[in-house]
Amino acid sequence: MLKHSKTKKSEVVISKGETPEDCLLNGVEKLGGFSKFIDEKDQVFIKFNLNLPTGFPTNTNLDVLKSLILLCKEAKAKKIYLGSFSCRNIPIKVISD
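Model, not experiment: these values are computed from the prediction. (Residues numbered from 1 in each chain as written. Predicted model: local features only at pLDDT ≥ 70, side-chain atom pairs only at ≥ 80, totals over all residues. Heavy atoms only, no water.)

## Overview of the overall build of the protein chain
Phase 1 of the analysis: Within the protein chain, the secondary structure is distributed over three helices and two strands.
Phase 2 of the analysis: Going from N to C terminus, the protein chain has its helices and strands arranged as α-β-α-β-α.
Phase 3 of the analysis: Looking at the protein chain as a whole, 28% of its 97 residues qualify as buried.
Phase 4 of the analysis: Here the contacts in the protein chain between residues at least 6 apart in sequence split such that 65% fall between residues at least 24 apart. (Helix = DSSP H or I, 4+ residues; strand = E, 2+ residues; numbered from the N terminus. Buried < 20%, exposed > 50% of the residue type's maximum accessible area, 1.4 Å probe, protein only. Contact = heavy atoms within 4.5 Å.)

## Observations regarding the nonpolar core
Phase 1 of the analysis: In this structure, Phe34, Ile38, Val44, Ile46 and Cys72 are the most contacted members of the largest nonpolar core, which totals 14 residues.
Phase 2 of the analysis: Only helix 1 (20-30), strand 1 (43-47) and helix 2 (62-74) provide two or more residues apiece to this core.
Phase 3 of the analysis: The element contributing the most residues to this core is helix 2, with five residues.
Phase 4 of the analysis: Apart from residues lying up to four places away in sequence, Val44 is in contact with Ile38, Cys72, Ala77, Lys79, Ile80 and Tyr81. (Core = buried A, V, L, I, M, F, W, Y, C linked by side-chain atoms within 4.5 Å.)

## Concerning the packing of helix 1 against helix 2
Packed helix pairs are specified by the crossing angle of their axes together with the interaxial distance, meaning the distance between the axes.
Phase 1 of the analysis: Where helix 1 meets helix 2, the closest approach of the two axes is 8 Å, and the angle between their N-to-C directions is 30°. In this view, helix 1 runs roughly parallel relative to helix 2, as classed from their interaxial angle. Relative to helix 2, the crossing made by helix 1 is right-handed. In this structure, helix 1 contributes Pro20, Glu21, Leu24, Leu25 and Val28 to the contact, and helix 2 contributes Asp63, Val64, Ser67, Leu68 and Leu71. (Axes fitted to C-alpha atoms, helices over the stretch in contact; angles between N-to-C directions. Parallel < 35°, antiparallel > 145°, perpendicular 65-115°, else oblique. Left-handed = near helix turned anticlockwise from the far one by under 90°.)

## Remarks on the confidence of the model for the protein chain
Phase 1 of the analysis: When pLDDT is averaged along the protein chain, the result is 80, and 69% of the positions lie at 70 or above.
Phase 2 of the analysis: When the elements of the protein chain are averaged for pLDDT, helix 3 (residues 92-96) gives the smallest value, 63, and helix 1 the largest, 93. (pLDDT = per-residue confidence, 0-100.)

## Description of helix 2
Phase 1 of the analysis: The terminal C-alpha atoms of helix 2 lie 18 Å apart, and with 13 residues this matches the ideal 18 Å at 1.5 Å per residue to within 8%.
Phase 2 of the analysis: Two to three positions downstream of the cap, the backbone nitrogen of Asp63 sits 2.8 Å from a side-chain oxygen, assigning the N-cap of helix 2 to Asn61.
Phase 3 of the analysis: The positive-phi residue at the C-terminal boundary of helix 2 is Lys76, with phi of around 70°. (Expected span 1.5 Å × (residues − 1). Polar contact = N/O pair within 3.5 Å; in protein donor to acceptor, adjacent residues only side chain to side chain.)

## Observations regarding unusual backbone geometry
Among all residues save glycine, negative phi is the norm, and among peptide bonds the norm is trans.
Phase 1 of the analysis: In the Ramachandran plot, Lys41 falls in the positive-phi region, its phi being about 80° despite a non-glycine side chain.
Phase 2 of the analysis: With respect to the secondary-structure elements, Lys41 resides in the loop between helix 1 and strand 1.
Phase 3 of the analysis: Backbone geometry at Lys76 places phi at a positive 70°, although glycine is not the residue there.
Phase 4 of the analysis: Here Lys76 lies in the loop between helix 2 and strand 2 (79-83).
Phase 5 of the analysis: The exposure class assigned to Lys76 is exposed, which follows from its relative accessible area of 51%.

This is the structure in structure tokens:
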């Protein structure tokens, strides 16, 4: 457990929805919202799995990633960093750009 966490124990939620994005949003709501985990001025790093600039093959649903970023912004995170490892010798800067 992180020493700066506001929770006293680990929490797990099983969430259902019509889309992966719905599952994320329902799960976050059941946990009490993102502001329970992210304070204003926090820096957040989101590690996602994206193998090619075209988005395929991908292990991360891009709608879920977008929603996750928006949730961090709503919680007033100071800075949001995204990181992934690309394959086939494609620099991450190319994906970022």
